[in-house]
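The residues making up each chain are set out below.
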Amino acid sequence: MPPWSEFQQFIISGLALGGVYALSGVGLVVLYRATGVLYLAFGAVGAMGALLAWQVQQDGWPGWASWILCIVFGALVTLAYGVVFGPPLAGRDPLVRAVATLGLLLILVGAMDVIWTESGGAVRSISLPTDNGGFSLGNIQVTWTQVIALGLGVVLTVGTGAFLRYTKLGTAMRAMANDRVITATLGVPVRRVEAAAWFGCGVLAGLAGLLLADLVQLDATTLTFLVISSLAAALIGQLRSITVTFVAALVVGLVHDLLTPISALTNYRDMTPFVLAAIALLWVSRRRQVMTRSREEG
Amino acid sequence: MADPVTVTTSDSAAAAVAAGRRPLLRRPDKPVQLSVTTVLVLFVLFALPSLMNGYYTGYMTLAAIYSVVTLGLGLLVGRVGLYSLGQGAVVQIGAWTGARLLYGTAQPFPIVVIEAGLVTMLIGMAIGLPALRMRGLYLALITLMFAGAITVVLATVNFPNGGGGFTGYNGSAVHIPPIRRPSIAGTDPAYFRFAVVVAIIMFALVYAHLRLRPGRAWAAIRQSEPAALAAGINIWFYKLWAFALASFITGVAGAVLAAQEHYLYSINFTTQDSIILLAVVLMGGVYSLWGAVIAALLLELVPGWLQSLGLSYAWLTILFGVGVLQVITTAPAGIADQFPKDMKRLGRLLWRLARRPAAGAAGAAGAAGGETT
Amino acid sequence: MAQAYFNCVNANGGINGHPIKYYIETEQTNASQIASEAKQLAQTDHVVGIIGNTSIIECTVDHSYWQSLGYYIIDSGIAPECYSTSNSAAVNMGPRYSSDGAVQYALAQHVSKVVFDQSNVPGTTYIAAGPAALAAAAHVPITQDTTNVPISDANSVALQLVDQAGKDGAVVLNFTPPDALVILQAAQKLNIENNVKLWACSTPCNTDFLAQSLGSKWNDKIFVNAELTPPDDTTTPTMNLYKAILSQYGKNVSGGIGSFSQMGFTEAELMVKALESVTGSYTVASVNAAIKGLTNVNTGMLCQAWSYGSYSMHIPNNEDYTVTADNGKMVLAPNGGCTQISTVDPQIAQYVSLAGRASLDSTSNAGGS
């Protein structure tokens, strides 16, 4: 077994990775609680936004303009999807609505492949000014970008929980995710609330996409399917508790990186999110059937 | 080919009893459709191989293989309501097992295929045993988790390439031997026929299930689980059976795939594949066996055709995404259901237009105002 | 890039008046699909020669098929079969011998340890055998790692590599540019890039894009094995021709100036030379006999003269440069001129025993026109 000092640095990098998973995972759960839809295209939207930002930077745009473009793109695509496909699918099973977002995912993945094809040894990389500063922890450097990612995860966890519980708009969103028809009869402007939820979704997806493209890699496939690893954290939180999702994401990141110096397991460490999620889910369901009625889970 | 059976709560007990006594081999419900299917199958088996060039033979063989995979997924989604997001990983298990046995033993090819199917079935059941305690979205997501884990394991352990030991992987090989094909079906056209025969057998197996008790149990479960429970159907058992059947046939398909490819690499199997598989199955139609065939053609033949036109595969990915959205929002039964209806409508329209000169104004009014579905 | 070269040739009269038609098939690394495309080229398109293949597994899948039809391929090989069969000869060195070159450069800087990390794509043990032999002969310990790609967590990879290499060690990478970049950037962001003596990389890293993305902090810190002559420093007639064709006919060539387009240029150059020597009709037999007959061709892009010949295996490019990053470009490193890949690697030893070491004969004709 390697010495403790070696593990120490992986704790820090593991927390940074956990921050990455937390950003997507918390985002997914927040959206699920607000709209009732598991937005599997979250990563794809962010990836395309980040690629757009890269593209306009190549064409000479200043950095801040490209980031705004990325966020606006995320917001617009998500809003368009929510407004067009939200109402017709509103009464359907959450499973069906999640599969529908897979349709959006495929469209975006295909579009990214057409516009920014992978072949030919193209190297794309996006960097943020916060990459250059930071502070030392042990003998490694933590960049401000990683701090921002982790901080954003915390803000989302604390802030959205409070938002959904205490504000009028948040309560309306939760009601809509539960039962749209009854909420409408109560006089809540469902279309507007829905649009607000999707718009918020989209801003988050664009922002997360930008941060993840910087922290992970500006690669369409990687960023799109990062959502599956983040989904593991969301599943451990049973798609309900944002706090549990956040903590689970950090744990997944920690375990993943702590396995790195263990030579027998290091090549399998990419399995960590999936194994932990499977264990957690099976543990939760060990005594009772996890019955999901169509409009119940929220 | 088989109609979706609707079972209401009050009738289910009586229907189950009555249905149990219907024989498997009875006069077919739709003789015309059956004879058309038979003619098509005979054509594909005997005439098609000589009409295709080397390029398309490969793609059509892949289509035949994947028609079994789409059949399995269609069975789960359409008949039982289980959305599996990890069927790509099941194919990998079947392919791995088939390759290992083909390299490592001298057993006859059909035996290896069946063994691969059985191993895959056991693994599928092992996963299904705990997983089927969940329903709906959670079940779909846990299949995704298992698929992710299996993909990582196979990427690390690698597919067999003729080496020894349990994994059969020799990393330092400078010449990798190809996976063998059956001695009677070594050439590409012959192997195409072999793949089609295997597919027909698998379709027959599923068809038999659908006609007998499991099929009716699945229909009851899909309609309403509490009602099926009340009718005395052991839901968990029949779901596990569906899982086992789907895993078996997908494992068989994987083994046949291994010999078609001759060389297997973990980079051939990605997470995206499982998602695209679900997309084409939805587009093809989950309620009909023809849907599986259409899905497989979309998945394997159309890309080959696009390739020959010089178009990128990415356009097809976009089309599949649009297809998923369309199917889910408007046409839950997919192309297999929609196409005959559209053809009928087109036929009626043409018939009316042809009769218009004789019928005059009345006919025109009918054609204009009468198109409802 | 080969297409661009052929376009230029066709614009200037073709081969003795005959234009070249170049069929390109792209694939998704699927063995069945690759085999289908091979059949398309041979049976439907009736091509007379095959050049320019750059897929990870194509040599493995197709070499028997090509052999049965009598094709002798000129490629930019990656799979082991591109270098170990009688009917494939590459203009590049491929991952194993390029990694050898990178490790050799590191060993020449007197490092105390080598850590070799490669992407987990087919053939890792085969590739690792070369560096393992070199390190063993130099009595330097070597650690072999593989990393799943695309990389989603570069921090842990960078940390592990630096830990394993130590202060006087070298980290040698064998990845495609995006993944290599992400590891190097992670090391820089973690502020650990100076905790090892040397960073080295096999030839895929040899692109100006990588140098630009890395920035000036990596000047003279990353050493990349270059299988072909660095274009930025060189102004020979052939290099000028390469740059001219790239700018005039090569608008669609991705990657711009760099190894990949240079390989395409060289392959096309060799093909044209072979075609020009064909008398009579152009058939599979005549064209491939001409290809096999290519001997001691000075391509203007390699350290050595390039030959095909009738050997059971081919590694005609076995002498390389080393380049380093310099403010957004890759330039020749100190002591980075033409260096032979050592015969400590058993495959190199086998080829040298068959064909000897070619050298550049300045009196032979320069390739291309």
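Here the structure is a predicted model, which is why all the values come from computation and not from measurement.

To continue, consider the overall build of chain B. Per the secondary structure count, chain B includes 15 helices and zero strands. Classification of the 373 residues of chain B by burial places 54% in the buried group. Across chain B, contacts joining residues at least 24 apart in sequence account for 78% of those joining residues at least 6 apart. In the structure as shown, chain B presents an accessible area of about 15,700 Å², 69% of it carried by carbon and sulfur atoms.

Turning next to the overall build of chain A. What chain A contains, in helices and strands, is 11 helices and two strands. Mapped in sequence order, the helices and strands of chain A form the string α-α-α-α-β-β-α-α-α-α-α-α-α. Relative to the globule expectation of 19 Å for 298 residues, the C-alpha radius of gyration of chain A, 19 Å, shows essentially globular dimensions. In terms of its C-alpha atoms, chain A occupies a principal-axis envelope of roughly 60 × 55 × 35 Å. The proportion of buried residues among the 298 residues of chain A is 58%.

Here we come to the interface of chain A and chain C. Each side of the interface is counted separately: chain A has 30 residues, and chain C has 27 residues. Here chain A and chain C share an interface that buries about 2,400 Å² over both sides, 50% of which is from carbon and sulfur atoms. For the pair chain A and chain C, the number of links is two salt bridges. Measuring nitrogen to oxygen at the nearest pair gives 3.8 Å for the salt bridge that ties C:Lys189 to A:Asp131. Applying the counting rule to chain A against chain C returns nine residue pairs in polar contact (both at pLDDT 80 or more). Going through the elements one at a time, helix H1 (4-35), strand S2 (140-143), helix H9 (220-236) and helix H10 (242-258) of chain A are the ones with two or more residues in the side of chain A that touches chain C. Sorting elements by how many residues they give to the side of chain A that touches chain C places H1(A) first, with five residues.

Another point: unusual backbone geometry. Here the residue pair C:Val149 and C:Pro150 is connected by a cis peptide bond, since its omega of -5° sits within 30 degrees of zero. By secondary structure assignment, the location of C:Pro150 is in the loop between strand S4 (142-147) and helix H7 (154-165). Even without being glycine, A:Gln238 reaches a positive phi, approximately 55°. Position of A:Gln238 relative to the elements: it lies in the loop between H9 and H10. Of note, the phi angle at C:Asn327 is positive, near 50°, even though the residue is not glycine. You can see C:Asn327 is positioned in the loop between strand S8 (319-326) and strand S9 (329-332).

The next point concerns the pairing of strand S7 (residues 222-226) of chain C. All names here are of chain C. Of all five residues making up S7, five are buried, and the element is well covered by its neighbours. Residue alternation in S7 divides its side chains into two sets, Ile222, Val224 and Ala226 and Phe223 and Asn225, and both sets are buried. Note on the crossover from strand S6 (residues 198-201) through helix H9 (residues 208-214) to S7: the handedness is right-handed. Where S7 meets S8, four bridges bridge the pair, whose relative direction is antiparallel. Pairing of Phe223 across the sheet is with Thr324, part of S8.

Another point: the side chain of B:Ser266. Residue position: B:Ser266 is located in the loop between helix H10 (235-261) and helix H11 (271-284). What B:Ser266 contacts, discounting residues up to four positions off in sequence, is B:Leu154, B:Ala155, B:Asn158 and B:Phe159.

Going through the model one piece at a time under the given rule, you end up with seven salt bridges over all chains. Where C:Lys189 meets A:Asp214, a salt bridge forms, and the shortest distance between an N and an O atom there is 3.5 Å. Of the two residues, C:Lys189 sits in helix H8 (residues 177-189) while A:Asp214 sits in helix H8 (residues 190-215), which places them in two different chains. For C:Lys189, a relative accessible area of 24% puts it in the partly exposed group. The salt bridge involving C:Asp345 is made with C:Arg96; its shortest N-O contact spans 2.7 Å. Of this pair, C:Asp345 sits in the loop between strand S10 (339-340) and helix H13 (346-355) while C:Arg96 sits in helix H5 (residues 94-108), placing them 249 residues apart in sequence. The two residues C:Asp345 and C:Arg96 agree in class, both being buried. A single network of salt bridges, built from pairs that share partners, joins A:Asp131, A:Asp214 and C:Lys189.

For the rest of this paragraph, the subject is a nonpolar patch on the surface. Residue and element names in this part refer to chain B. A cluster of nonpolar side chains, namely Ile335, Phe339, Met343, Leu346, Leu349, Leu350 and Leu353, defines an oily patch on the protein surface of about 590 Å² accessible area. Mapping Leu349 onto the fold places it in helix H14 (residues 334-359). Judged by its relative accessible area of 32%, Leu349 falls in the partly exposed class.

Turning to the confidence of the model for chain B, a few remarks are in order. Residue and element names in this part refer to chain B. Averaged over all residues, the pLDDT of chain B equals 85, while 87% of them reach at least 70. Across residues 6-10, where pLDDT falls below 50, the model places four contacts with residues more than four positions away in sequence or in other chains. Confidence over residues 361-373 falls short of pLDDT 50; this stretch has eight contacts with residues more than four positions distant or in other chains. Both scores are given for the predicted complex: the pTM is 0.88, the ipTM 0.89.

Contact residues are listed per partner, giving 46 residues for chain A and 40 residues for chain B. Taking both partners together, chain A and chain B bury about 4,000 Å²; carbon and sulfur atoms supply 82% of that area. Taken together, the links from chain A to chain B amount to zero salt bridges. The interface formed by chain A and chain B includes three residue pairs in polar contact (both at pLDDT 80 or more). When residues of the side of chain A that touches chain B are traced back to their parent elements, those giving at least two are helix H3 (63-85), helix H4 (94-115), H9 and helix H11 (272-284) of chain A. Sorting elements by how many residues they give to the side of chain A that touches chain B places H4(A) first, with 16 residues. The residue inventory of the side of chain A that touches chain B, partitioned by class, reads 33 nonpolar, seven polar and six charged.

With that out of the way, let us pick up the side chain of B:Gln87. Structurally, B:Gln87 is set in helix H4 (residues 87-104). Its relative accessible area of 6% is what places B:Gln87 among the buried residues.

A few words now on the pairing of strand S3 (residues 113-119) of chain C. Residues and elements named next belong to chain C. Burial analysis of S3 places six of its seven residues in the buried class, the great majority of the element. In terms of strand pairing, S3 meets strand S5 (residues 169-174) through six bridges, oriented parallel. In the strand pairing of S5, Val114 is matched with Ala170. As paired strands, S3 and S4 are joined by six bridges and run parallel to one another. The residue of S4 that forms the bridge with Gln118 is Thr146. Read from S3 through helix H6 (residues 124-137) to S4, the crossover connection turns out right-handed.

The next thing to look at is the state of the cysteines. Residue and element names in this part refer to chain C. Inspection of every chain in the model, using the stated rule, returns three disulfides over all chains. The disulfide partner of Cys201 is Cys205, and the S-S distance across this bridge is 1.8 Å. Across the S-S bond linking Cys201 and Cys205, the dihedral sits near 45°, which makes this disulfide right-handed. A relative accessible area of 0% means that Cys205 is categorised as buried. Here Cys303 is linked by a disulfide to Cys338, with a sulfur-sulfur distance of 2.0 Å. Note on the Cys303 and Cys338 pair: the S-S dihedral is about -95°, so by sign convention the disulfide is left-handed. Separated by 35 residues along the polypeptide, Cys303 in the loop between helix H12 (284-292) and S8 and Cys338 in the loop between S9 and S10 bring together distant segments of the chain.

Now for helix H3 (residues 54-80) of chain B. Residue and element names in this part refer to chain B. Relative to the 39 Å expected for 27 residues at 1.5 Å per residue, H3 spans 39 Å between its end C-alpha atoms, a close match to the ideal helical length. The largest bend along H3 measures about 25° and falls at Gly74. Counting buried positions over the 27 residues of H3 gives 26, a clear majority of the element.

Cut-offs and rules
Residues numbered from 1 in each chain as written. Chains lettered and ligands numbered in written order. Predicted model: local features only at pLDDT ≥ 70, side-chain atom pairs only at ≥ 80, totals over all residues. Heavy atoms only, no water. Helix = DSSP H or I, 4+ residues; strand = E, 2+ residues; numbered from the N terminus. Buried < 20%, exposed > 50% of the residue type's maximum accessible area, 1.4 Å probe, protein only. Contact = heavy atoms within 4.5 Å. Areas by Shrake-Rupley, 256 points an atom, 1.4 Å probe, with all protein chains shown as cover. Rg over C-alpha atoms; globule rule 2.2 N^0.38 Å. Buried area = accessible area lost by both parts, 1.4 Å probe. Salt bridge = Lys/Arg side-chain N within 4 Å of Asp/Glu carboxyl O. Polar contact = N/O pair within 3.5 Å; in protein donor to acceptor, adjacent residues only side chain to side chain. Right-handed = clockwise from strand over helix to strand, strands pointing away. Pairing = 2+ DSSP bridges. Patch = residues over 30% accessible without salt bridge, like charges linked within 9 Å, V, L, I, M, F, W, Y side chains within 5 Å. pLDDT = per-residue confidence, 0-100. Nonpolar A, V, L, I, M, F, W, Y, C, P; charged D, E, K, R; others polar. Disulfide = S-S within 2.5 Å. Expected span 1.5 Å × (residues − 1). Bend = angle between axes of the 7 residues up to and from the residue.

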